[in-house]
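Per-entry structural report
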Amino acid sequence: MTYIKKPLGVTERLVVTGTLIFTSPVLFQAGNEEGLTDFVILRDEVSRQPLLPGASLAGALRSYLHASLPKTDPNGLDQNAVATLFGSIKGGDSERSWLIVEEALGTEAGIEIRDGVKIAPSTQTAEDEGKYDMEMLASGTSFEIGFELLIPDDLNSALRTLFYTALSALENGEIRLGAKKHRGFGQCHVQNWQVHRYLMSKKQDVIRWLKNDRATPESEATLYENLGFKEKPKLPASDKCIIALQLGVKNTMMVRSYSSDPKQPDMVHLRNHAGDLVLPGTSLAGVLRAQARRIAALRIGQDHGDLLVNGIFGSQEPDEKGRLKGSRLVVSESSIQNPGADITQNRIKMDVFTGGTFSGALFNEKPVIGGSTEIQLEISQPSKAELALLLLLARDLWEGMLFIGGESSIGRGYLQGTSGYMKWKGDVYHVSNKDGKFSLDAEENFIADLLAALVPA
């Protein structure tokens, strides 16, 4: 029996390269490698440079396109087309991927050590043995990424458009990578796209492709023209809701970090590798989840409330197949701007039973005094109940009802809103103070309709 391999029918190959730059810390985790932290950076075994696996990048692109496109579309730009681009398994048959995603070695801008602790939602206190720390690549780390798209004649338009959609999202910073990407890490964008087109019907292009000749990239003004489009493709409309709030620190704030320098205070507020004061998305998300659980329980009951909260923040319990549901809410890491003067404060631990001091328990700390920050929340395809719950959380942050960080018992971590907005379905709703309260400039019927979804079934 003679086996004849059928040709793929590829009429064109697009090779695209660019520089991926991270604007927040990122972690590509090494699975079995041991280090000084619980999570260590994945590195190439030979060069020891940071490694961005092609599977991680391909998975992020696929997830973005799958979430952005409808299930079915008469023009063919839908989730079925995404399965065609990246390959799929249907029943016992498998289909190949038309997109090749290369692994990339990185140039690191520095290393950050971040720690965290798992918080019990019911008590809002740390879980036993819930402490962990992570080794992360600092903001400014870059990777030279590369793709090759194989285009058969019968799938020319759909594959090319999907590819352009994914590259545009990377360029505009709409795709995040790595661990905890929904908690402020892994923000990135791409610069300096270079496109090389190889027409498989032309002998000279076949030779160029075989030699990996990248000396003459396409030189049109825009990415879509370099990819072979005459007009800019119409991208799918975003159904993402964004809530951005400009908030001031009421008094002081302390997200603890510990210095190895004996001349520094025992505790200081967290800073990134560049030395900027930061409000981590992990801290904010934990506070929001605990408050969301309380609000939902009061309005629709504990059981239904937990289902609603898990649908936004992710499930903490595995399903029947042992899988955990990821968070749909993206909580960005933000910097604290224009803080007041640094002041080191001396304190001493007190015995709550005697009212006296503990021997040898003197410590000092340097909190953030004043300043402002912008908090941004993003969620795709929110239901009315989910959006209503997020607006109630925004109100509580705005009006100083929630604290972030530690030492709330002495008034730390409270915020006060100054300005903001919500973008949803092409409309922008501005947020302002009205008699010191959170006010959204939307029609009363719009807000009432959202809140009506937060009632017992």
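Heads up: these notes are all about the structure in this document. These figures come from a predicted structure and were not determined experimentally.

Rules behind the numbers
- Residues numbered from 1 in each chain as written.
- Predicted model: local features only at pLDDT ≥ 70, side-chain atom pairs only at ≥ 80, totals over all residues.
- Heavy atoms only, no water.
- Axes fitted to C-alpha atoms, helices over the stretch in contact; angles between N-to-C directions.
- Helix = DSSP H or I, 4+ residues; strand = E, 2+ residues; numbered from the N terminus.
- Parallel < 35°, antiparallel > 145°, perpendicular 65-115°, else oblique.
- Left-handed = near helix turned anticlockwise from the far one by under 90°.
- Contact = heavy atoms within 4.5 Å.
- Nonpolar A, V, L, I, M, F, W, Y, C, P; charged D, E, K, R; others polar.
- Pairing = 2+ DSSP bridges.
- Phe/Tyr/Trp six-rings, centres within 6.5 Å; stacked < 30°, edge-to-face > 60°.
- Buried < 20%, exposed > 50% of the residue type's maximum accessible area, 1.4 Å probe, protein only.
- Lys NZ or Arg CZ within 6 Å of the ring centre and 35° of its normal.
- Core = buried A, V, L, I, M, F, W, Y, C linked by side-chain atoms within 4.5 Å.
- Expected span 1.5 Å × (residues − 1).

Now for the packing of helix H1 (residues 54-68) against helix H2 (residues 79-86). For the pair H1 and H2, interaxial distance at closest approach is 9 Å and the crossing angle is 165°. Taken as axis vectors, H1 and H2 run roughly antiparallel relative to one another. Once H1 is placed against H2, the crossing between them reads as right-handed. Residue-level inspection shows Ala58, Leu61, Arg62, Leu65 and His66 of H1 in contact with H2, the latter providing Gln79, Val82, Ala83, Leu85 and Phe86. Grouping the amino acids of the contact of H1 with H2 by side-chain chemistry returns seven nonpolar, two polar and one charged.

This part covers the sheet that holds strand E24 (residues 437-440). Spatially, six strands are ordered E16-E21-E11-E22-E23-E24 in an open sheet, and the strand pairing comes out antiparallel. Of all the strands in the sheet, the pair left with one neighbour each is strand E16 (329-331) and E24. Between one strand and the next, the sheet's axes are offset by a mean angle of 20°, whatever the strand orientation. With four bridges connecting them, strand E23 (residues 427-434) and E24 associate as antiparallel partners. Residue pairing for E24: Lys434 is matched across the bridge by Lys437.

Here the focus is the packing of aromatic side chains. Within the structure shown, the criterion is met by 11 aromatic pairs. Pairing Phe28 with Phe143 gives two aromatic rings, centres 5.9 Å apart and planes at 90°, and the pair type is edge-to-face. Remark: Phe143 occurs in strand E9 (residues 142-152) and Phe28 occurs in the loop between strand E1 (10-22) and strand E2 (51-52); sequence separation between them is 115 residues. The same class applies to Phe28 and to Phe143, which are both buried. On the basis of an interplanar angle of 85° and a centroid distance of 5.8 Å, the ring pair of Trp398 and Phe438 is categorised as edge-to-face. Of this pair, Trp398 sits in helix H8 (residues 384-398) while Phe438 is found in strand E24, placing the two residues 40 residues apart along the sequence. Comparing Trp398 with Phe438 shows no difference in burial state: the two are buried. Put simply, the rings of Phe22, Phe28 and Phe143 pair up and form one aromatic cluster. Over the ring of Trp209 we find Arg13, and its NZ or CZ is 3.9 Å from the ring centre.

Another point: the environment of Lys230. Tracing the chain through its elements places Lys230 in the loop between helix H5 (223-226) and strand E11 (240-249). As for Lys230 and Ile113, which are separated by 117 residues in sequence, their C-alpha atoms are 47 Å apart.

Our next topic: the nonpolar core. Counting residues in hydrophobic clusters, the biggest one holds 59 residues, and the most contacted among them are Leu20, Ile145, Phe147, Leu170 and Leu227. Sort the elements by how many residues they give to this core and helix H3 (residues 156-171) lands first, with eight residues. Residue contacts for Leu227: discarding those within four places in its chain leaves Leu14, Val16, Arg160, Phe163, Tyr164, Leu167, Val195 and Arg197. In terms of nonpolar packing, the next biggest core, distinct from the first, is built from 54 residues, Leu284, Phe313, Ala385 and Leu402 among them.

So, on to unusual backbone geometry. The backbone phi angle of Gln381 is positive, close to 50°, even though this residue is not glycine. By the element assignment, Gln381 lies in the loop between strand E21 (372-380) and H8. On the basis of relative accessible area, Gln381 is assigned to the exposed category, the value being 52%. Positioned with a positive phi, Asp435 is a non-glycine residue whose angle comes to about 60°. Taking relative accessible area as the criterion, Asp435 reaches 76% and is therefore assigned exposed.

Moving on, we come to the sheet that holds strand E19 (residues 357-366). What holds strands together in a sheet is hydrogen bonding between their backbones, with the strands either parallel or antiparallel. Strand order in the open sheet formed by four strands is E13-E14-E19-E18, with mixed pairing between adjacent strands. Two strands in the sheet have a free side with no partner beyond their single neighbour: strand E13 (256-257) and strand E18 (345-350). Strand direction decides the pairing type here: E13 and strand E14 (residues 267-269), joined by two bridges, are antiparallel. The residue bridging Arg256 from the neighbouring strand is His269, located in E14.

Helix length check: H3 (16 residues) gives 22 Å between terminal C-alpha atoms against 22 Å at 1.5 Å per residue, within 8%. Burial within H3 is extensive, with 12 of its 16 residues counted as buried. Of the positions making up H3, those classed as buried are Leu159, Arg160, Thr161, Leu162, Phe163, Tyr164, Thr165, Ala166, Leu167, Ser168, Ala169 and Leu170.

Let's shift gears to the pairing of E1. Look at any regular strand and the pattern is simple: side chains alternate between the two faces of the sheet. The buried count for E1 comes to 12 of 13 residues, which makes it a mostly enclosed element. With 10 bridges connecting them, E1 and strand E10 (residues 188-199) associate as antiparallel partners. When the sheet's bridge partners are listed, Val15 is paired in E10 with His196.

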